[in-house]
Amino acid sequence: MATEHLVQIQPLAGTLSAKPAPARAVNFAAGPGQICGIDVGSTTCKYVLVSSEGQIVAQAYERHNTKQAEKVLDFLTRLESEYKLTPQQDRIFFTGSGSGLIAPLVGGKMIQEVVAVAAAVEKVHPAVRFVSEIGGEDMKTIFFSGDANNKSKQVLMQAACSGGTGTFIEKTARKLEIAPEKLAKMRYTGYTLHKVSSKCGIFAEADANTLLKAGVPVEEIIASLFEAVVYQNLATLTRGNTPVPEILLLGGPNLFFTGLQEAWRHHLTKVWKERKVEVPKGVDPASMILVPEDALYYAAQGCVEVGRGEPAASGIYEGMEKLKWWIDEGQHEEKKKLGRGGLWKDPKELETFKARYAGGNGNGNGKSNGNGHENGNGNGNGHHPAGAVEAPSKLGKLGRVLVGCDFGSTTAKAVCLSPQKELLFSCYALSRGNPIEDAKVLFRQVKEAIGVGEIVGLAITGYGKDLLKGILGADCPVVETIAHASAGLHFFPDADCICDVGGVDVKIMILNNGAVTDFRLNSQCSSGNGAFLQGVAERFDIPMNEMADRAFNAEAMPQLSMGCGVFLQSDIVNQQRKGWQADEILAALCAILPLNVWIYAGGLNNLNQVGRKYILQGGTHKNLAVVKTQVDFILSKIPEAEVVVHPYSGEAGAIGAALVALEWWEKGGQTNFRGFDAIERLTYKTVTSVDTVCHWCPVNCQRSFIDVELDDGKGREWSKVPLGAGWERVIVNNSCPKGLVEDLNEMKVIKTEIERTKDAYPNVADLVRKEAFRRVST
């Protein structure tokens, strides 16, 4: 029997763990020596070693953490010492995105990925007619037709976009704080599905974020993502062909995600029924969809199978010496030719920069917050401590305060402002996947800080604003632009431009005498935002609080391309193949961020027209490496420019909201804040069903009803989804104002408002079109 090399399987981003699949005796043809197949993927490496008798001796699947060459060297060292892989005697064949550089260094021959997978499938599963292999960053489908003597195959591959892969499922799961073990077991069947873009991974992530902030249960979001993956694979990579049984599902996502397997079985059996595909009598159609336990190794096994058919002199293993040389010396020489220097010219320049900006307020003063910490810990990461801004002795008796909250895409923030505009307290809460839960966490901290004090005004902004304004009793729901502009101008009234880089969007506000005269927003692409940086850092297992220091450690970095986040992700994979390491790639990402912010997202090719004083705010600017590249970029365009970092960059939105609440209160406003106890008692339920679909227009939006238990709730006994007294309903996932109502009388009010708006702001282009082509009688 074949032996088994016991390793820990770490699929995709290395977040799941499972026992390795048992090594199977595939009965490869006998040969003169051992043959090794190595699959060097974008995130993992796999090998399969086959003996001269044709049996699998060992196999392994491990994450390489961007160090592809180093991981292959580790594999080869193990294979030589434990399994007697012998240079000049045994043979070795490579496949995968990173194999082109490594294979020649050890004498190996490269096999195209799809060719390798197809060879393994034909060897092990001759009856299979359709294969779908989903990887971390690509997907492949293979159609087999004909009989054993005259079999042909059609191959379709998608590697330029993350839509349809497992990457954005994992990213969303991390954001929802879903443990890897739980994600692997989450189901598809039995859950209400929501519209999630299947064409682009970036848009899919944005849709998932919208659902999250609307209060949709995480189980439904994950099930909807499984739906999107299968839909994208069937819509894009079948080209009108019908996958017929037997079906083989390969790759990490197909193997590890139970819900994804269920989605495949649901859609494929549905297609067979609709297109009248014959299934053998007495056979369950779902059983014709196979997911082998060793689905991760088919490309490596295919290398061996193809290698058996190659001439005896092909792929002769030449040992590890050239690979060692490349790792120790060669790749560094190549980087000097292809790359550029790091984020700083010399240590003195970096020291001078940190002396000015690491204090947290962007001008080198480093104001103390009264509790022994400075606003910015000076460690090169630009993170000032969350929590109280006022001295601890004053917490619990702050007096009358104005509270501002910013329910952002990745974090929720709250601040307490005195009537004299003093910042008394601030706190953070990582998003828990539901704005109501985020609000509970925030207000527990605010309650402890205020103590016997009193909230006289509450303003909220951010993605959760519309959902929470009535539930919390907010006095001022504030548009994000106004909130961030108010916060910037409060500290820097002479600012010409405020650049806010958040988790999933980029906002640029151009000012003139304290008024916003132009505004640029990018919320549809991840390039340039903090979530993209965080996602790459997580792939490399680098904590966020170490990211800036790691980027500053890089003495050289690759040249990355400006633009689309998907293409940028592909570019990162390409640089990994060339030997660039995590620190160097992070430095390059920080370096390209200003181009994506100002030129790609903002469309501002001439910063001279913007002004001279630039304010950087938003949580991403707590990363000092990002600040360094932003400052360098702006000064390269305008040498005399003044670039400052907001002293509370992460809380800027909340501060701006609190300032709006203060202005409202000073005009005599009486707060509607429901109180801490009412927020702590909040109970809610979410309903998404056929009864929640909006029928006011042909779009038929699949809305969600979030019903919250409140003391003064009026209920909706007349609704298709009845709601008793003591409950209030919030309607989300609508695409227009009509979707906010259920009742015809409410609809009449909405239509009246829409018509009034049209009359006040007529469509000039429509008027011109009608008048220009109107025939005038003579």
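Preceding block: the structure.
From a predicted model like this one, the values you see are computed outputs, not experimental measurements.

A.B. asks: I tried to follow the layout of surface pockets on my own but got confused; where do I start?
C.D. replies: To find leftover empty space, a probe the size of one water molecule is rolled over the atoms. Taken as a whole, the second largest pocket spans an internal volume of roughly 1100 Å³. Lining the second largest pocket are 41 residues, with Thr410, Thr411, Leu430, Gly503 and Gln534 sitting closest to its centre. Secondary-structure elements contributing two or more residues to the lining of the second largest pocket are α4 (167-175), β13 (411-417), β14 (423-430), α15 (480-491) and α16 (530-539). The leading source of residues in the lining of the second largest pocket is α16, at six residues. Grouping the amino acids of the lining of the second largest pocket by side-chain chemistry returns eight nonpolar, 20 polar and 13 charged.

A.B. asks: How do you make sense of the nonpolar core when you look at a structure like this?
C.D. replies: In a soluble, globular protein the nonpolar side chains are often hidden away together inside. Membership of the largest hydrophobic core comes to 68 residues, with the highest contact counts inside it found for Val121, Val131 and Trp264. At nine residues, helix α7 (residues 218-236) tops the list of elements feeding residues into this core. Beyond its immediate sequence surroundings of up to four residues, valine 121 is in contact with Pro126, Val128, Val131, Phe144, Leu248, Leu250 and Tyr298. Of all hydrophobic cores here, the second largest spans 54 residues; its members include Ala358, Ala582, Leu616 and Val626.

A.B. asks: Help me out: how do you make sense of the side chain of glutamate 227 in this one?
C.D. replies: Its place among the elements puts glutamate 227 in helix α7. For the buried glutamate 227, no salt bridge is present, and the opposite-charge side chain at shortest range is lysine 270, 7.0 Å distant. For glutamate 227, the residues in contact, after removing those within four places along its chain, are Tyr188, Leu193 and His267.

A.B. asks: Is there a simple way to explain the pairing of strand β24 (residues 704-709) in this structure?
C.D. replies: In summary, the side chains of a regular strand alternate between the two faces of the sheet. Most of β24 is tucked away: five of the six residues are buried. Both strand β23 (residues 683-687) and β24 contribute to a ladder of five bridges, which runs antiparallel. Bridging across to β24, threonine 683 finds its partner in glutamate 709. Note that β24 and strand β25 (residues 727-732) share six bridges and pair antiparallel. Pairing of valine 708 across the sheet is with glutamate 728, part of β25.

A.B. asks: How should I be thinking about the sheet that holds strand β19 (residues 515-522) in this particular structure?
C.D. replies: In a beta sheet, neighbouring strands are held together by backbone hydrogen bonds and run either parallel or antiparallel to one another. Pairing in this open sheet of five strands is mixed, and the strands run β19-β18-β17-β21-β22 from one edge to the other. With partners counted over all chains shown, the strands left at the sheet margins are β19 and β22 (642-645), one partner each. Shown here is a sheet whose adjacent strand axes are inclined to one another by a mean of 15 degrees, direction ignored. Where strand β18 (residues 506-512) meets β19, seven bridges bridge the pair, whose relative direction is antiparallel. The residue of β19 that forms the bridge with valine 506 is asparagine 522. Helix α20 (residues 624-637) contacts β17 (497-501), β21 (613-617) and β22 of the sheet and is inclined by roughly 160 degrees relative to β21.

Conventions used here
- Residues numbered from 1 in each chain as written.
- Predicted model: local features only at pLDDT ≥ 70, side-chain atom pairs only at ≥ 80, totals over all residues.
- Heavy atoms only, no water.
- 1 Å grid on protein atoms, 1.4 Å probe; cavity = no way out; pocket = protein on both sides within 12 Å on 5 of 7 lines; lining within 4 Å.
- Points joined across faces, edges and corners; volume = space filled by probe spheres on them.
- Helix = DSSP H or I, 4+ residues; strand = E, 2+ residues; numbered from the N terminus.
- Nonpolar A, V, L, I, M, F, W, Y, C, P; charged D, E, K, R; others polar.
- Core = buried A, V, L, I, M, F, W, Y, C linked by side-chain atoms within 4.5 Å.
- Buried < 20%, exposed > 50% of the residue type's maximum accessible area, 1.4 Å probe, protein only.
- Contact = heavy atoms within 4.5 Å.
- Lys, Arg positive; Asp, Glu negative; His and termini not counted.
- Salt bridge = Lys/Arg side-chain N within 4 Å of Asp/Glu carboxyl O.
- Pairing = 2+ DSSP bridges.
- Axes fitted to C-alpha atoms, helices over the stretch in contact; angles between N-to-C directions.

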